[in-house]
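What follows is each chain in one-letter form.
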Amino acid sequence: MRKEGSVMRKVYGYLSIVIMVVLIWVSFWGSPFAINQAEKDTLAYLLQHGYQAEEISDIQGFYDRKDNKKYYVKVIFTDNLREEQVFAYDLAGNIYQVENIKMES
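In this text, all values refer to a predicted model and were calculated from it rather than measured experimentally.

### Remarks on the overall build of the chain
So, point 1. The helix and strand inventory of the chain stands at two helices and four strands.
So, point 2. Going through the 105 residues of the chain one by one, you find that 23% of them count as buried.
So, point 3. Across the chain, every contact between residues at least 6 apart in sequence was considered, and the portion connecting residues at least 24 apart equals 29%.
So, point 4. Entry remark: accessible area of the chain is about 8,000 Å², with carbon and sulfur atoms responsible for 57%.

### So, the environment of T78
So, point 1. Looking at the element boundaries, T78 is found in the loop between strand 2 (70-77) and strand 3 (80-89).
So, point 2. Residue T78 is classed as partly exposed on the basis of its relative accessible area, which comes to 41%.
So, point 3. Sequence separation of T78 and I56 is 22 residues, and the distance between their C-alpha atoms is 5.7 Å.
So, point 4. The contacts of T78, once residues within four sequence positions are left out, are E54, E55, I56 and S57.

About the criteria used
Residues numbered from 1 in each chain as written. Predicted model: local features only at pLDDT ≥ 70, side-chain atom pairs only at ≥ 80, totals over all residues. Heavy atoms only, no water. Helix = DSSP H or I, 4+ residues; strand = E, 2+ residues; numbered from the N terminus. Buried < 20%, exposed > 50% of the residue type's maximum accessible area, 1.4 Å probe, protein only. Contact = heavy atoms within 4.5 Å. Areas by Shrake-Rupley, 256 points an atom, 1.4 Å probe, with all protein chains shown as cover.

So this is what it looks like as C-alpha cells:
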C-alpha cells in the first residue's frame, strides 16, 4: 500500500508540471487550437463576403499577448502579394479588419 501512494504522488507531481507548462505556453504563445480556429473562421468570413478560395494566397493566425491577448489572422491575396491584410478575431467569433501592411521588397 505504501508503494501505491508513492507512485500516485509521482503521477500527480508530473501531472502538475504538465499543467503548469501548458498554462505558461498558452499565456505566452496562445492556444494552438484557438489560432487554428481563427484561421478557419476568418477564411469562412472571407468566403461569405465574396472572396473565392483561389484569391487567397496565404492565411496565418497568431496571438498577441501585448494587445489585450488577442488573436489575429494575416491574409495575403493573390492579386496583391505585397500586401497583408490583418483581421482581429475574438473567442466570441467576431472578425474585423484592423489594418493593411505593405511589405518591403
